[in-house]
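One-letter residues, chain by chain:
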Amino acid sequence: MGYEMAGRLARGGADVLVWNRTKEKAKPLEKYGAKVADELAELASRDIVFCMVSTWKDVKQVVENLLKKEKHVPKLLIECSSISLEGSAELREVLEKKGIRYLAAPVSGNAKVIKAGRLSFVCSGPKKSFQEALPYLKMIAPAASYVGEGELARIVKICHNVFLGVVTQSLAEITILAQKAGVPRHAFLEFMNQSVMGSTFSRYKTPAFVNLDFKVTFTPHLLRKDMDLGLDAGRKFEVPMPLASATRDLIQSMIGQGWTEQDFATLLLQQAEASGLKLKPENVEVGDGLA
Ligand SMILES: NC(=O)c1ccc[n+]([C@@H]2O[C@H](COP(=O)([O-])OP(=O)(O)OC[C@H]3O[C@@H](n4cnc5c(N)ncnc54)[C@H](OP(=O)(O)O)[C@@H]3O)[C@@H](O)[C@H]2O)c1
């Protein structure tokens with residue numbers, strides 16, 4: 001995600017300095033005019049720093065290392081990873097003490113969606129920070145919604161990803177049901193995608209479901225993290241989430257079976273196995289709706 005975001009900033013004309021823990025992965029960004037830093041702390045002298053890593057623990061570690069020299073601090077930090085409300089609030093406190101403005105700006109869409117120019121940001125924090133960030137957010141994504149002060153963007157993103165998990169599991173169940181009754185997956189999904197129930201998401205997951213291309217877009221571990229964030233929030237706000245609970249455990253079973261390195265859409269394979277069906281790629285050309 002971070003790679004594609006930085007690529008769009010650099011191609012959009014921003015003066016970009018990138019740091020990634022595994023430096024070689026960032027190197028190809030040089031072809032778009034981005035510079036690649038050896039040390040994370042080099043980014044501290046920049047006006048705006050975007051952060052896109054994995055969990056709250058990773059964000060905390062990265063921000064501590066970013067600010068460890070304290071000689072320079074950025075004016076604004078835009079944190080885009082999917083993290084908890086509590087982690088986000090802790091980060092805001094740390095940054096505000098150092099006089100750094102902070103925008104919580106998680107995103108909807110995967111790396112391919114960024115490439116297709118279809119990513120969306122959901123942002124919260126001081127309105128002034130949002131306005132300052134907006135020209136850069138717009139280089140990365142056409143859509144950036146401001147939902148209010150504090151950590152509100154985090155709960156919006158958590159709700160979004162709980163829906164992602166539940167919808168994917170449901171799509172896997174009905175696709176396998178239709179197939180077991182005799183309908184090829186491509187024919188079933190073509191109908192679904194054109195029906196009122198079809199969506200940008202069902203369309204872009206169709207190639208994976210039809211041709212079993214599970215090249216990772218989002219890992220099962222990261223999806224489990226987001227389901228757990230949703231269930232934690234459900235407990236905090238006293239909201240029952242029966243579908244999210246069941247889906248979380250199905251993702252856990254998939255991880256337990258060792259399906260961890262491919263895309264989370266392998267939920268389809270697990271569903272097929274549970275239904276006594278051995279899936280084969282259909283080798284039918286299907287669009288992802290993103291072109
Ligand atoms: N993929 C999606 O569809 C999607 C969509 C929306 C939101 N998100 C969220 O966006 C975030 C990134 O997701 P992703 O799919 O891009 O994950 P990813 O492919 O696993 O990449 C994670 C990135 O974070 C870096 N990283 C992780 N832990 C680190 C640490 N402790 N210190 C320094 N760097 C660290 C990794 O560096 P290395 O390269 O060195 O490993 C890598 O650059 C996650 O919070 C995820 O939930 C993902």
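Residues numbered from 1 in each chain as written. Predicted model: local features only at pLDDT ≥ 70, side-chain atom pairs only at ≥ 80, totals over all residues. Heavy atoms only, no water.

## Brief notes about the site of the ligand
And then number 1: The ligand sits among 23 residues. The nearest are Asn 20, Thr 22, Lys 25, Ser 54 and Thr 217.
And then number 2: Met 1 places a main-chain nitrogen or oxygen 3.1 Å from an oxygen atom of the ligand.
And then number 3: Between the ligand and Lys 25, the relevant distance is 2.7 Å, taken from an oxygen atom to a side-chain nitrogen or oxygen of the residue.
And then number 4: Compared with its free state, where it exposes 900 Å², the ligand has 83% of that area covered by protein.
And then number 5: Breaking the shell around the ligand down by element, the ones donating at least two residues are helix H3 (56-66) and helix H10 (220-236).
And then number 6: For the shell around the ligand, the per-class residue count stands at 8 nonpolar, 9 polar and 6 charged. (Near = heavy atom within 4 Å. Polar contact = N/O pair within 3.5 Å; in protein donor to acceptor, adjacent residues only side chain to side chain. Areas by Shrake-Rupley, 256 points an atom, 1.4 Å probe, with all protein chains shown as cover. Helix = DSSP H or I, 4+ residues; strand = E, 2+ residues; numbered from the N terminus. Nonpolar A, V, L, I, M, F, W, Y, C, P; charged D, E, K, R; others polar.)

## Section: the pairing of strand E7 (residues 120-124)
Along any regular strand, the residues point their side chains to alternate faces of the sheet.
And then number 1: With 4 of 5 residues buried, E7 is to be regarded as a mostly interior element.
And then number 2: Alignment of E7 against strand E8 (residues 143-148), held across 5 bridges, turns out to be parallel. If you follow Cys 123 over to E8, its bridge partner there is Tyr 146.
And then number 3: Between the parallel elements E7 and E8, the chain passes through helix H6 (residues 127-140) in a crossover that is right-handed. (Buried < 20%, exposed > 50% of the residue type's maximum accessible area, 1.4 Å probe, protein only. Pairing = 2+ DSSP bridges. Right-handed = clockwise from strand over helix to strand, strands pointing away.)

## Points about the nonpolar core
And then number 1: Counting residues in hydrophobic clusters, the biggest one holds 37 residues, and the most contacted among them are Phe 209, Phe 214, Leu 223, Met 227, Ile 251, Leu 268 and Leu 279.
And then number 2: Looking at this core, the elements that each hand over two or more residues are helix H7 (152-180), helix H8 (185-194), helix H9 (200-211), H10, helix H11 (242-256) and helix H12 (267-274).
And then number 3: In terms of residues, this core owes the most to one element, H7, which gives 8 residues.
And then number 4: Those residues in contact with Phe 214 that lie beyond four places of it in its chain are Ala 208, Gln 262, Asp 263, Ala 265, Thr 266, Leu 268 and Leu 269. (Core = buried A, V, L, I, M, F, W, Y, C linked by side-chain atoms within 4.5 Å. Contact = heavy atoms within 4.5 Å.)

## Quick word on the pairing of strand E3 (residues 48-51)
And then number 1: On E3, burial follows the alternation: Val 49 and Cys 51 on one face are buried, whereas Ile 48 and Phe 50 on the facing-out side are not.
And then number 2: For the crossover from E3 across H3 to strand E4 (residues 76-79), the handedness is right-handed.

## Focus: the pattern of salt bridges
And then number 1: All told, the structure shown has 19 salt bridges when counted by the stated rule.
And then number 2: As a salt-bridge pair, Arg 92 and Glu 151 come within 2.6 Å of each other at their nearest N and O atoms. Residue Arg 92 is located in helix H4 (residues 85-97), and its partner Glu 151 is located in the loop between E8 and H7; the two are separated by 59 residues in the primary sequence.
And then number 3: Assessed through its relative accessible area of 13%, Glu 151 is described here as buried.
And then number 4: Taken together, the salt bridges that share partners define one network made up of Asp 15, Lys 35 and Arg 46. (Salt bridge = Lys/Arg side-chain N within 4 Å of Asp/Glu carboxyl O.)

## Focus: unusual backbone geometry
And then number 1: In this model, Leu 212 sits at a positive phi of 55°, which is unusual for a non-glycine residue.
And then number 2: Note on placement: Leu 212 falls in the loop between H9 and H10.
And then number 3: A positive phi angle, close to 55°, is found at Glu 238, a residue other than glycine.
And then number 4: With respect to the helices and strands, Glu 238 occurs in the loop between H10 and H11.
And then number 5: The exposure class assigned to Glu 238 is exposed, which follows from its relative accessible area of 70%.

## Looking at the packing of aromatic side chains
And then number 1: In this structure the tally under the stated criterion is 3 aromatic pairs.
And then number 2: Measuring from centroid to centroid gives 5.6 Å for Phe 201 and Tyr 204, while their planes differ by 75°, and the two rings are edge-to-face. Of the two residues, Phe 201 and Tyr 204 both sit in helix H9, 3 residues apart, roughly one turn of that helix.
And then number 3: What makes Phe 201 buried here is its relative accessible area of 13%.
And then number 4: The class for Tyr 204 is buried, based on a relative accessible area of 19%.
And then number 5: Consider the rings of Phe 218 and Phe 264, whose centres lie 5.8 Å apart with planes at 80°: the pair is edge-to-face. One end of the pair, Phe 218, is in the loop between H9 and H10; the other, Phe 264, is in the loop between H11 and H12, with 46 residues separating them in the sequence. Taken individually, Phe 218 and Phe 264 each receive the classification buried, so the pair is uniform in this respect. (Phe/Tyr/Trp six-rings, centres within 6.5 Å; stacked < 30°, edge-to-face > 60°.)

## Observations regarding the packing of H8 against H9
Helices that pack against each other are described as a pair by the angle of their axes relative to one another and the distance between those axes.
And then number 1: At a minimum axis separation of 10 Å, H8 and H9 run at an interaxial angle of 175°. Considered as vectors, H8 and H9 are oriented roughly antiparallel to each other. From H8, Arg 185, His 186, Leu 189 and Asn 193 reach across to H9, where they touch Ser 202, Arg 203, Thr 206, Phe 209 and Val 210.
And then number 2: Residues of the contact of H8 with H9, tallied by class, amount to 3 nonpolar, 4 polar and 2 charged. (Axes fitted to C-alpha atoms, helices over the stretch in contact; angles between N-to-C directions. Parallel < 35°, antiparallel > 145°, perpendicular 65-115°, else oblique.)

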